[in-house]
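# Structural features, examined
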Amino acid sequence: MIVEGQPEKSGKVSYYQENYTLEYETSQVSSDRSLLLIYDTLTISFDEHTRKFLSFDAYTNKNEWLIKEHLKIPLSYKTGTLVVKEGYENTDRYSFKSIPAYEYLKGSILKISFQKEDLDTEFYLVSKDLIVGIRNHLISSMILLNLEV
């Protein structure tokens, strides 16, 4: 879920071609343990105590990304903090069956989709250059702005 308001921290994205790793880390201070949401080879980490978004990392080969001439991205969005809602108390990780799709607007934007977006999708800037789409209380997409590869 999103707690509306100004995002608390900034973030940084990195792609490492040599080991096919895409990483996004916020400056949010973490406790020793994290709660993990896993989508195939992409893992989103949240602080176990505050339940706030910390980072994500993915094992992905940029040569497999779908290169697009145009990308459907939100023209407007709200701001807020990405937080895991209640319901994950009995585990420190939860796996989803959805496999992320990567669409790349060469030189600037990477969109990672987990489910089909529709008119019900709401978009939020949750950290520097990271917009998250929320649909039916689930993450539908993550959009990385100003990505250099």
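A quick note: this is a predicted structure, and the numbers were derived from the prediction, not measured.

The next subject is the overall build of the chain. Scanning the chain for helices and strands turns up zero helices and 14 strands. Of the regular secondary structure in the chain, the N- to C-terminal order runs β-β-β-β-β-β-β-β-β-β-β-β-β-β. Of the contacts made within the chain by residues no fewer than 6 positions apart, 63% connect residues no fewer than 24 positions apart. Surface exposure of the chain reaches about 8600 Å², of which carbon and sulfur atoms provide 49%.

A word on the side chain of threonine 60. Looking at where threonine 60 falls in the secondary structure, it is placed in the loop between β6 (53-59) and β7 (66-68). Among the residues examined, threonine 60 registers a relative accessible area of 6% and is labelled buried. Side chain to side chain, threonine 60 and tryptophan 65 meet in a polar contact 2.7 Å long. Excluding residues that lie within four positions of it along the chain, threonine 60 makes contacts with Tyr15, Tyr20, Thr21, Leu22, Trp65 and Tyr102.

Moving on, we get to the pairing of β6. Burial of β6 is extensive: five of the seven residues sit out of reach of the surface. Looking at chain direction, strand β3 (residues 21-26) and β6 are connected through five bridges and run antiparallel. The residue of β6 that forms the bridge with glutamate 23 is aspartate 57. Pairing between strand β5 (residues 42-47) and β6: five bridges, direction antiparallel. Following the sheet pairing, threonine 43 is matched in β6 by aspartate 57. Hairpin connection between β5 and β6: a loop of five residues separates the two successive antiparallel strands, and arginine 51 in this loop has a positive phi of roughly 65°.

Here we come to the packing of aromatic side chains. One pass over the structure, following the stated rule, counts nine aromatic pairs. Measuring from ring centre to ring centre gives 5.9 Å for tyrosine 24 and phenylalanine 56, while their planes differ by 10°; the resulting arrangement is stacked. A residue pair is termed long-range when its members are at least 10 positions apart, and tyrosine 24 in strand β3 and phenylalanine 56 in strand β6 qualify at 32 residues. Taking the relative accessible area as the measure of exposure, tyrosine 24 reaches 1% and is therefore buried. Take phenylalanine 56: its relative accessible area is 1%, and that puts it in the buried class. The structure contains a cluster of three or more aromatic residues connected by ring pairs, namely Tyr15, Trp65, Tyr102 and Tyr104.

Right, let's talk about the pattern of salt bridges for a bit. Throughout the structure, instances matching the rule amount to three salt bridges. For the salt bridge of lysine 68 with glutamate 103, the shortest nitrogen-to-oxygen distance reads 3.7 Å. Placement of the pair is lysine 68 in strand β7 and glutamate 103 in strand β10 (residues 101-105), with a sequence separation of 35 residues. Under the relative-accessibility criterion, lysine 68 is labelled partly exposed at 28%. According to the relative accessible area criterion, glutamate 103 is buried, its value standing at 18%. Of the charged contacts, one joins lysine 78 and glutamate 122 as a salt bridge, the two residues approaching to 3.4 Å between their closest N and O atoms.

Cut-off values and rules
- Residues numbered from 1 in each chain as written.
- Predicted model: local features only at pLDDT ≥ 70, side-chain atom pairs only at ≥ 80, totals over all residues.
- Heavy atoms only, no water.
- Helix = DSSP H or I, 4+ residues; strand = E, 2+ residues; numbered from the N terminus.
- Contact = heavy atoms within 4.5 Å.
- Areas by Shrake-Rupley, 256 points an atom, 1.4 Å probe, with all protein chains shown as cover.
- Buried < 20%, exposed > 50% of the residue type's maximum accessible area, 1.4 Å probe, protein only.
- Polar contact = N/O pair within 3.5 Å; in protein donor to acceptor, adjacent residues only side chain to side chain.
- Pairing = 2+ DSSP bridges.
- Phe/Tyr/Trp six-rings, centres within 6.5 Å; stacked < 30°, edge-to-face > 60°.
- Salt bridge = Lys/Arg side-chain N within 4 Å of Asp/Glu carboxyl O.

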